[in-house]
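Overview (structure and organization)
The lines below spell out each chain.
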Amino acid sequence: MADWPQWLEGATGSGKTAWLLDQLAAASVTGSDLRPPLELGQSFLVFAANGDNRLRLAARLADVAPEVAVVTTTPNGFIQDEVTLFWPLLVNSLGLLPQFPLRLRPENEQELTTGLWQEKLIDGTMTVEGWREAQTVRRSLDFLQMAAAAGIPADDLPVLLPEGIPSGYAPETVWRAIGEAVLDWRDWCLARSLLTYGVMTELYWRHLLPHPLYQEKLLARYGGVFVDDLDEYPGITARWLQVFIDRARPVALTWNRYGKGRLGMGANPDSLEQLLKPQCQVIERPEPAADSLGYRWGDQVVRWVMDPMTLPEPLACFQTLQTVSRGELLRQTAERVVEVVRTGQAAPHEVAIIGPGLDAIARYTLAEILTNRGLPVASLNDQRPVIHSPLVRALLTLLSFVYPGLGRLADAETVAEMLLVLSQIPQAPEVGPWFESVQIDPVRAELLVDHCFEPSLEQPELLPIERFDRWDRLGYKATEAYNRLRQWIAQQRQQRQRRLTLGVVSVLDRAIQTFYWGGSHLPPDQLSALRELMETAQQYWAIEDRLRQIPPALGTTPAHLLKPALERFILLLRQGTVTADPYPVESADPSQRVITIATVYQYRLQRLRHRWHFWIDAGSPRWLGGTEDLLFGYPIFLSTYRGRPWRTEDLEELHRDRPERILRDLLGRVTERVVLCHSDLAVSGQEQIGPLLTLVNANLEE
């Protein structure tokens, strides 16, 4: 039997995941000289860094070791499952209300917190110069999440924040007030059994994990732990791994020496390495995959990029595509990808377009050109507000005709859009797009609004079509569609008055079934938006029901929440805080036959590999950096925190090896060609001078 715990440290593509599966298979073997690893009802606990990686890992497990009992999860998913499963234990130990916990989505968390802190946000107690109100709320909640992930009690925040954040941002009194407000929020949630990730994480490591009964149950359920890509995990991961290590259970860990992609985003890799590596039998695999560019050229390319005094040589595996403007760069990049696929140099699923930061325009431009040329695209984690969907906007406007008191949310423009969208006759996508099947075109919609729409703050009305003197000119199809909509609204009002309607969620569902035929003929992006709308609505009203059940002793609901729930729900969606992936059907997994579009961060986190890479904005200063996107205040939650405000040199030291890690990691994920796509001018019109520019110039085609 192997000497547990095992630690494999390797380069990108060195076979770390395959090794982990081998360790799992070895641990599952029983024999006369080996302790049976699994007792009755036990399974092995297998961790992946995120949900997509978990799915791929589970698929490999099913192929390699189908007979082994395993539970695959992620750090976030594990904590949520454990807190929910052992909630009665927490209720007893903390004296909480005996009611089932509800998970708050980020938009609910933002709204409720804003209401709870409204007075302090208005009077300047929590004001940080240059921060908008929503920014202040979001970053304050991030403090709770980062503290919980690092194993720091939230009670320390009123002291830790003013101690560790430089004084130039705001006075110490502001940071102390923010820390106290975060504590109030945590206690407010616990009193109502509402859970955010930050609250759940602190509950887990601080109260549940140390409980002797929980540890007994944890070890009874799981015979060992296997962790892939430990370098992307929060610091508290060491605490539950230690439980298994102390009991001599099988523990195997993989570590990517060129990973740490989530450093500054909640992960604490240095802490995990210091705590766990000395206890493990360490195996090293320093070489990347033999077929990768990193294996052949990694050392030279890193030296050329990191040392400005060196003169790089042109390499056959690198090419440069250069334009003056970024708009032209996007078009030429897409055309070059089309050419590569059409000439058979690479299949669609063998091509990835990667950039340090892809804005919505860049994603749309690339996806639109490639899609129009018949090439499938997966835009990785391209989340857009659901309110951008006309189908969602039409449904929200429709609600103002069913429920009273929402008239201010229905103006002539939104009503005209509603008439147009809800008049469609759903048809299969191959027949034509949904907007070509509308029965009320924009001109007729405007005429109907001008003559038949009666605004009202209490209850807007769609008047009979005969109120339009020339209604006969609208045509049969438009008239039928309009009357059908009026009849549906009247029916819903009648059922609501008779209390035959279960609620807003059921009305939305009926509307989708009636006007969109359940979404069966909608394109993937619109269907995704409708699904996200329904999931948001269901969770929103579950929280509303919970808040209405608050005992008087716990105090009243924040003042701004006294506004009707439906009005708040519509305004929340219109703010654009709820998003959906417009390309949800195709995965960015290389096994799917699609072209992948992703940021550097997303690509690395998903552990993808391709034959061809197109590096967009190769001359950008953000390449190999991108630290401006990290969570505010993250240095004070790392194990390297020195008990004083951070300085510029501290941040530079934290990320000193970041450029090399990114470069080696990406080169380890490409096997044949890197096309450096560079525009002389950025979107702002400024000249681009980034760390890859010497590489760009060296590989310019003569």
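Scoring rules and cut-offs
Residues numbered from 1 in each chain as written. Predicted model: local features only at pLDDT ≥ 70, side-chain atom pairs only at ≥ 80, totals over all residues. Heavy atoms only, no water. 1 Å grid on protein atoms, 1.4 Å probe; cavity = no way out; pocket = protein on both sides within 12 Å on 5 of 7 lines; lining within 4 Å. Points joined across faces, edges and corners; volume = space filled by probe spheres on them. Nonpolar A, V, L, I, M, F, W, Y, C, P; charged D, E, K, R; others polar. Phe/Tyr/Trp six-rings, centres within 6.5 Å; stacked < 30°, edge-to-face > 60°. Helix = DSSP H or I, 4+ residues; strand = E, 2+ residues; numbered from the N terminus. Buried < 20%, exposed > 50% of the residue type's maximum accessible area, 1.4 Å probe, protein only. Axes fitted to C-alpha atoms, helices over the stretch in contact; angles between N-to-C directions. Parallel < 35°, antiparallel > 145°, perpendicular 65-115°, else oblique. Left-handed = near helix turned anticlockwise from the far one by under 90°. Contact = heavy atoms within 4.5 Å. Expected span 1.5 Å × (residues − 1). Pairing = 2+ DSSP bridges.

Some points on empty space enclosed by the protein
Applying the stated criterion across every chain yields a total of 2 cavities of 30 Å³ or more. Of the voids in this model, the largest cavity is the one considered here, and its volume is about 70 Å³. Contributing to the lining of the largest cavity are Met146, Ala149, Ala150, Gly264, Met265, Gly266, Ala267, Asn268, Tyr634, Phe637 and Leu638. Tallied by class, the residues present in the lining of the largest cavity amount to 8 nonpolar, 3 polar and no charged. Empty space within the second largest cavity amounts to approximately 50 Å³. A breakdown of the residues in the lining of the second largest cavity according to their chemical character gives 3 nonpolar, 4 polar and 1 charged.

Overview of the packing of aromatic side chains
On inspection of all chains with the given rule, the structure shows 27 aromatic pairs. With centroids separated by 6.2 Å and ring planes inclined at 90°, the aromatic side chains of Trp4 and Phe226 adopt a geometry described as edge-to-face. Taken together, the residues span a long stretch of sequence, with Trp4 in the segment before strand S1 (6-10) and Phe226 in strand S6 (residues 222-227) at a distance of 222 residues. Accessibility assignment for this pair places Trp4 and Phe226 in one class, buried. Relative to Trp240, the ring of Phe78 lies with its centre 5.1 Å away and its plane at 50°, an arrangement referred to as tilted. With Phe78 in helix H3 (residues 75-85) and Trp240 in helix H12 (residues 237-246), the pair connects residues that are 162 residues apart, well separated along the chain. Pair check on accessibility: Phe78 and Trp240 agree, each one buried.

Quick look at the packing of helix H5 (residues 106-116) against helix H22 (residues 524-548)
At a closest axis distance of 10 Å, the pairing of H5 and H22 adopts a crossing angle of 40°. Taken as axis vectors, H5 and H22 run oblique relative to one another. With respect to the hand of their crossing, H5 and H22 are arranged in right-handed fashion. Mapping the contact onto sequence places Glu107, Asn108, Glu111 and Leu112 in H5 and Thr536, Gln539, Tyr540, Ile543 and Leu547 in H22.

Here we look at helix H1 (residues 16-27)
With 12 residues, H1 should cover 16 Å at 1.5 Å per step; its first-to-last C-alpha distance of 17 Å lies within 8% of that length. Taken together, the buried positions of H1 are occupied by Lys16, Thr17, Trp19, Leu20, Leu21, Gln23, Leu24 and Ala27.

Section: the sheet that holds strand S16 (residues 595-599)
Strand order in the open sheet formed by 6 strands is S9-S18-S17-S10-S16-S11, with parallel pairing between adjacent strands. The sheet is open, and its two borders are formed by strand S9 (318-323) and strand S11 (377-379), each paired with just one other strand. Pairwise comparison of adjacent strand axes, ignoring direction, gives a mean angle of 20° for this sheet. Contacts from helix H14 (residues 293-306) reach S9 and strand S18 (670-679) within the one sheet, and its direction differs from that of S18 by about 45°. Its contacts with the sheet place helix H26 (residues 658-667) against S9, strand S10 (351-355), strand S17 (610-615) and S18, and it is angled at close to 140° to S17.

Here we look at unusual backbone geometry
The linkage connecting Trp4 with the following residue, Pro5, adopts the cis geometry, with an omega of -5°. Counting through the fold element by element, Pro5 comes out in the segment before S1. Residue Ala248 is not a glycine yet carries a positive backbone phi of 60°. Of the residues examined, Ala248 reaches a relative accessible area of 53% and is grouped as exposed. One non-glycine residue, Asp617, lies in positive phi territory at about 55°. Position of Asp617 relative to the elements: it lies in the loop between S17 and helix H25 (648-654).

A closer look at the sheet that holds S6
Reading across the sheet, the 6 strands line up as S3-S2-S6-S7-S1-S8 and stay open at both edges, with parallel pairing between neighbours. Because the sheet does not close on itself, it has two edges, and the strands there are strand S3 (70-73) and strand S8 (281-285). Taken pair by pair, the neighbouring strands of this sheet meet at an average axis angle of 15°, ignoring direction. As paired strands, strand S2 (residues 43-47) and S3 are joined by 4 bridges and run parallel to one another. Counterpart to Leu45 in the pairing with S3 is Val71. In the packing of helix H2 (residues 51-64) onto the sheet, contacts are made with S2 and S3, and the angle to S3 comes to roughly 160°. Against the sheet, H3 engages S2, S3 and S6, with an angle of about 130° to S2.

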